[in-house]
Amino acid sequence: VFNVDLSELQALPSRVFSSAAGTFLTTSVTLTTDLMLVIVFLAFILLQPPAPQSSLRKKIDDSVSRYIILKSVISFGVAIFVYVTLAAVAFPLALFVALATFVLNFIPSLGPTISTLLVVPIILLDTLEPYQSAIALLVPLLLHLLVGNILEPWLFGQQFSMNPVIILFSLGVWYILWGTIGAVLAVPLTSVLRILCNHLMEHNIGMPYIAAVASLLEGKSMDLNLVRLKPEGE
């Protein structure tokens, strides 16, 4: 028919299913591996022995701890909002979607995308009203866009004295270098870099290049860092 072999048409569904199943399996294994590596990285960070109060590592430890606490609070708030939204429209498995949102929100960009798409199979397989499907898909999507692109960069910028644009840029850079693990640890790693730059400036090492890097990370004028380091009377 139309110069098409019917046997090929009969085999087409099985080919499509095999290809989709292979892609899904590969993606699932990759995400599981990345999640386990992230847990291992965080475990090593949290289990480090305490550092002296005045040491450089103490400042780094405090910065990493603040990031973990702040990220956990944001993820918990997003999960609660998603649960309330889904429960308000009587969406099935609202609690499961909220728990998955809390866990996946620790993975920048990719995690919120996956948590948003979790409702799609339920929408396709369940008999839901159009308004239920629209709210369950669009409201979490808008929430993740606002939190990931506006709220988190602003909060992290305030907490870690960094430019919000640099925080967004660091997500891409660390993701290219270390994949998902780099994206998860992008903010604390960039914060550690800023702390090291300030430490080098205080000891007048690598000036003025270190001052330029610190100014870029903090979103401040380079002259401010140079004036801050000048002895009084100069």
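Our structure is the block above this text.
Residues numbered from 1 in each chain as written. Predicted model: local features only at pLDDT ≥ 70, side-chain atom pairs only at ≥ 80, totals over all residues. Heavy atoms only, no water.

**Comments concerning the side chain of Arg194**
In plain terms, the rule: Only DSSP runs of H or I reaching four residues or more are called helices, and only runs of E reaching two or more are called strands; each is numbered from the N terminus. Burial status follows relative accessibility: with a 1.4 Å probe on protein chains alone, a residue under 20% of its type maximum counts as buried, one over 50% as exposed, and anything between as partly exposed. Contacts are assigned to residue pairs that have any heavy atoms within 4.5 Å of one another.
Mapped onto the elements of the fold, Arg194 is located in helix H8 (residues 186–202). Arg194 gets classed as buried once you look at its relative accessible area, which sits at 11%. In contact with Arg194, other than residues within four places in its own chain, are Phe160, Ser161, Met162, Leu217 and Glu218.

**Points about a nonpolar patch on the surface**
Let me state the cut-off plainly: Each patch is built from residues lacking any salt bridge and having more than 30% relative accessible area; the joining distance is 9 Å for like charges and 5 Å for nonpolar side chains (Val, Leu, Ile, Met, Phe, Trp, Tyr). Per-residue and other accessible areas were derived by the Shrake-Rupley procedure at a 1.4 Å probe size, with only the shown protein chains allowed to occlude residues. Basic side-chain nitrogens of Lys or Arg form a salt bridge, by our definition, when they fall within 4 Å of a carboxyl oxygen of Asp or Glu.
A grouping of Phe76, Ile80, Tyr83, Val84, Leu95 and Leu99 is seen on the molecular surface, where their side chains present a nonpolar patch of about 590 Å² in accessible area. The element that contributes the greatest number of residues to the nonpolar patch is helix H2 (residues 56–88), accounting for four residues. As for its placement among the helices and strands, Phe76 is situated in helix H2. A residue is classified by how much of its surface remains accessible, and Phe76, at 52% relative accessible area, is exposed.

**Notes on the packing of helix H7 (residues 164–184) against H8**
Axis angle and axis distance: for two packed helices, these are the angle between their axes and the distance between the axes, and together they describe the pair. Our working definition: Axis definition: a line fitted to C-alpha atoms, limited for helices to the stretch in contact. Angles are taken between N-to-C directions and run from 0 to 180 degrees. Should the near helix be turned counterclockwise from the far one by less than a right angle, the crossing is left-handed, whereas a clockwise turn marks it as right-handed. Any residue that is not Ala, Val, Leu, Ile, Met, Phe, Trp, Tyr, Cys, Pro, Asp, Glu, Lys or Arg is counted as polar, Gly included; the first ten are nonpolar and the last four charged.
In the contact formed by H7 and H8, the axes pass within 8 Å of each other and the chain directions differ by 115°. Crossing of H7 over H8 shows right-handed handedness. Of the residues in H8, those touching H7 at Ile166, Ile167, Ser170, Leu171, Trp174, Trp178, Gly182, Ala183 and Val184 are Ala186, Val187, Pro188, Leu189 and Thr190. Taken together, the residues of the contact of H7 with H8 sort by class into eleven nonpolar, three polar and no charged.

**Some remarks on unusual backbone geometry**
Even without being a glycine, Ala90 presents a positive backbone phi close to 60°. Inspection of the secondary structure assignment puts Ala90 in the loop between H2 and helix H3 (94–104). At Leu93, a residue that is not glycine, the phi angle is positive and equals roughly 55°. Secondary-structure assignment places Leu93 in the loop between H2 and H3. Accessibility expressed as a relative area gives 53% for Leu93, which makes it exposed.

Nothing here speaks to function; it is all geometry.
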